[in-house]
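Residue-level structural notes
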Amino acid sequence: VLMGGYVVVTLLSIGYTAPDALANTYILYDTVVIPMCLYLLVRLSDPDEEDVRRLVPVVVFILATQAAVALLSWNAPEVLPDEWTRKAGQRTTGTLRSADVFGTTMVFCGLFLLHVGVRAQRPLRRVAAIALFFLAMLMVFLSFSRASWLAGLVAATGALLVYRRHLGQLALFVVPIVVFVWASGLLTQQFDLAEYRLSSAQAEESALSRLPAAQAALRMFDAEPAVGWGYQNFDLYSRPFQGQVGDLVGAAKPHASHNLYLTTLAEQGVVGFVLFVGPVVFWLMRTRAALPYLPSAGLLGRHFVLSLWLIVAAYHVTNSFSRMSVTTGLGLFWLTLGL
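Described in the following lines is the structure provided in the data block. (Residues numbered from 1 in each chain as written. Predicted model: local features only at pLDDT ≥ 70, side-chain atom pairs only at ≥ 80, totals over all residues. Heavy atoms only, no water.)

Considerations on the packing of aromatic side chains
- The full count for this structure, using the stated rule, is 14 aromatic pairs.
- A ring pair is formed by Trp-229 and Tyr-237, whose centres lie 5.4 Å apart and whose planes are at 40°; its orientation type is tilted.
- The partly exposed category is assigned to Trp-229, whose relative accessible area is 21%.
- On the numbers, 5.4 Å between centres and 70° between planes, the contact of Trp-229 with Phe-241 is edge-to-face. Note that Trp-229 is positioned in the loop between helix H10 (211–223) and helix H11 (234–237) and Phe-241 in the loop between H11 and helix H12 (260–290), a separation of 12 residues in sequence. (Phe/Tyr/Trp six-rings, centres within 6.5 Å; stacked < 30°, edge-to-face > 60°. Buried < 20%, exposed > 50% of the residue type's maximum accessible area, 1.4 Å probe, protein only. Helix = DSSP H or I, 4+ residues; strand = E, 2+ residues; numbered from the N terminus.)

Structure (structure tokens):
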């Protein structure tokens, strides 16, 4: 009901406020409706343990192919299509066009495979799962998206807590690899770029430049709190609301929003915002009530649910610094919520 309400409210917003209603309807369909359909496919099919196991080869395929494209984009970009190498040497996007989407996809793959792997009976499968989790986290690092780094840190820290019984196995596998990579200098270029992304003057300016847009979103919400300024209209109306933010940054030029939730508040007001985040709040409340009664053993037990929430949390962290406006952006988010 909440999801359907959001789609209806957004269509009304497009009809009344969009300069190009058809174009914005396409955007809504690609970035919202189709991802919600992935949620509905899971909910209506009611998957059991065997169904979830059938996802494992698919998730391994996604992780392996994206990692392969990512490594090629750094070492042999000439063999890849231009569409996949537009940010080569600066960001890693795989085939997904966005470093943030790439990073959250890797978080999904890593946590999903880690959970299935630690439940395996064969030691070789457990080792393989830990190796794939490490590969996924390496890809998150190579995204060079600070939002993805923070999301990956949240996910990895949560995974260490959820699977603390397996910390010894994780450390036994990961620590020697990390020491080898650090000592061998294989990622020296990437480590230097990471330091630049965190501590350079340009990195600081990039981070602070987002403050005027965030301030504008809050001012726009204050001016139109109920239904907002219209879906996809932030850039159209935000410029007069952007101004000096203390002594940190001015607004000499217009800035785009990098926060999905503030943008939703500005564009669709409290009505659209509540309908959009409502499904997450609903399942969070249901999870809190059900968690004490879920089994601690088995593939679909308590740890599986906690891992899925870590993926959802990673998406929320990333979307606080990004809008994930590409078609595949929120697909795995809604699929995870369905699971």
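Brief notes about the environment of Gly-4
- Among the secondary structure elements, Gly-4 is positioned in helix H1 (residues 2–17).
- On the basis of relative accessibility, which here comes to 40%, the residue Gly-4 falls in the partly exposed class.
- Between the C-alpha atoms of Gly-4 and Leu-275, which are 271 residues apart in sequence, the distance is 8.7 Å.

Topic: the pattern of salt bridges
- Summed over the entire model, instances satisfying the criterion amount to five salt bridges.
- Within this structure, Glu-83, Arg-86 and Arg-97 form a network of salt bridges that share partners. (Salt bridge = Lys/Arg side-chain N within 4 Å of Asp/Glu carboxyl O.)

Some points on the nonpolar core
- Ranked by internal contacts, the top residues of the largest apolar core, which has 75 residues, are Phe-112 and Trp-334.
- For this core, the element with the most residues is helix H4 (residues 99–118), which contributes 12 residues.
- With sequence-adjacent residues up to four places away left out, Trp-334 is seen in contact with Met-3, Pro-35, Met-36, Tyr-39, Phe-276 and Pro-279.
- By size, the runner-up hydrophobic cluster in this structure holds nine residues, among which are Ala-213, Phe-234, Phe-241 and Ala-266. (Core = buried A, V, L, I, M, F, W, Y, C linked by side-chain atoms within 4.5 Å. Contact = heavy atoms within 4.5 Å.)

Remarks on the environment of Val-9
- Topologically, Val-9 is positioned in helix H1.
- Relative accessible area serves as the criterion here: at 25%, Val-9 is assigned to the partly exposed category.
- Taking the C-alpha atoms as reference points, Val-9 and Val-271, 262 residues apart in sequence, are found 8.2 Å from one another.
- Residues within four places of Val-9 in sequence aside, it is in contact with Val-271 and Leu-275.

Topic: helix H2 (residues 21–45)
- Between its terminal C-alpha atoms H2 stretches 34 Å, which fits the 36 Å expected from 25 residues at 1.5 Å a residue.
- The largest bend along H2 measures about 40° and falls at Tyr-29.
- Among the residues of H2, Asn-24, Leu-28, Thr-31, Val-32, Pro-35, Met-36, Tyr-39 and Val-42 are the ones counted as buried.
- Contact partners of the buried residues in H2: H1, H12 and helix H14 (331–338).
- One or two residues past the end of H2 sits Asp-46, with phi positive at roughly 50°. (Expected span 1.5 Å × (residues − 1). Bend = angle between axes of the 7 residues up to and from the residue.)

A short note on helix H8 (residues 188–199)
- Its 12 residues give H8 an end-to-end C-alpha distance of 16 Å, which sits within 8% of 16 Å, the value for a rise of 1.5 Å per residue.
- Check the buried side of H8 and you find it contacts helix H3 (49–75), helix H5 (123–142), helix H6 (146–162) and helix H9 (201–208).

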